[in-house]
Amino acid sequence: MHHSRLSTFVIDCKVEDFDAATRFWSAALGRAVKPVDPDSPTYRELEAKDTEPMLLLQQVEHESRIHLDIESDDLDAELERLEALGAKRVAYVQRWWVMEAPTGQRFCIVRPQRGPLAGRANVWDGEGR
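Model, not experiment: these values are computed from the prediction.

Pairing geometry for strand β5 (residues 88–93) and strand β6 (residues 96–100), over 5 bridges, is antiparallel. Within β6, the residue paired with Lys88 across the bridge is Glu100. Here β5 folds back onto β6 in antiparallel fashion, the turn holding 2 residues, of which Gln94 has a positive phi close to 55°.

Next comes the structure, spelled out in structure tokens:
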């Protein structure tokens, strides 16, 4: 068995002035910007309640878009479950899988972002249910 759930809405920003983009989304969504992680200069996180998906801005080189992350305590099992539903692997990047839904949207499978998932996420058996 493994667990997974919607983790994060990621706003991909193809911009030169990432700070200006961050200020825009912070004001537009009414969410304060969390302190910047110096080890991740191309990411900014906006405040969200523990019961809400995380809100992340990412400076990118591809076209701007919004994608979502699904967090799982077993990346391989979640990969197999989503492939059985029709998703396709795009790439493994650092610590996560970039996937494509049968409807064309990109999304990622990531490790748990805010602690253990047991009791706070969907539970899947080996059959994907």
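With that settled, the discussion passes to the packing of aromatic side chains. In this description, a pair of aromatic rings is defined by centroid distance and the angle of the planes. Using the criterion set out here, one finds 2 aromatic pairs in the structure. Ring plane angle 80° and centroid distance 5.1 Å describe the contact between Phe24 and Trp25, whose orientation is recorded as edge-to-face. In this structure Trp25 comes out as partly exposed when scored by relative accessible area, which is 23%. Ring geometry for Tyr92 versus Trp97: centroids 5.2 Å apart, planes at 65°, classification edge-to-face. A cation over a ring is seen here: Arg89 above Trp97, with NZ or CZ 5.2 Å from the ring centre.

Looking now at the UniProt feature "domain: Glyoxalase-like" (unreviewed entry) in the protein chain. Using the residue numbers shown here, the UniProt feature "domain: Glyoxalase-like" (unreviewed entry) corresponds to residues 9–110. Secondary structure over residues 9–110 splits into 22% helix and 38% strand, and the C-alpha atoms at its two ends are 12 Å apart.

The next subject is the nonpolar core. Membership of the largest hydrophobic core is limited to 10 residues, which are Ile70, Leu75, Leu79, Leu82, Ala87, Trp97, Met99, Ala101, Phe107 and Ile109. Every element with two or more residues in this core is listed here: α2 (75–84), β6 and β7 (106–110). Sequence-distant contacts of Leu82, defined by excluding residues within four places in its chain, comprise Ile70, Ala87, Phe107 and Ile109. In terms of nonpolar packing, the next biggest core, distinct from the first, is built from 7 residues, Cys13, Ala21, Leu46 and Leu55 among them.

Considering all chains together, one arrives at 9 salt bridges under this definition. The closest approach of N and O atoms between Arg65 and Asp12, which form a salt bridge, is 3.6 Å. Within this pair, whereas Arg65 is found in strand β4 (residues 65–72), its partner Asp12 is found in strand β1 (residues 2–13), the two being separated by 53 residues in sequence. Since its relative accessible area comes to 35%, Arg65 is described here as partly exposed. Take Asp12: its relative accessible area is 2%, and that puts it in the buried class. Residue Glu45 is joined to Lys34 by a salt bridge in which the shortest nitrogen-to-oxygen separation is 3.3 Å.

Rules used in this analysis
- Residues numbered from 1 in each chain as written.
- Predicted model: local features only at pLDDT ≥ 70, side-chain atom pairs only at ≥ 80, totals over all residues.
- Heavy atoms only, no water.
- Pairing = 2+ DSSP bridges.
- Helix = DSSP H or I, 4+ residues; strand = E, 2+ residues; numbered from the N terminus.
- Phe/Tyr/Trp six-rings, centres within 6.5 Å; stacked < 30°, edge-to-face > 60°.
- Buried < 20%, exposed > 50% of the residue type's maximum accessible area, 1.4 Å probe, protein only.
- Lys NZ or Arg CZ within 6 Å of the ring centre and 35° of its normal.
- UniProt positions renumbered as here; feature names shortened; annotations may be inferred.
- Core = buried A, V, L, I, M, F, W, Y, C linked by side-chain atoms within 4.5 Å.
- Contact = heavy atoms within 4.5 Å.
- Salt bridge = Lys/Arg side-chain N within 4 Å of Asp/Glu carboxyl O.

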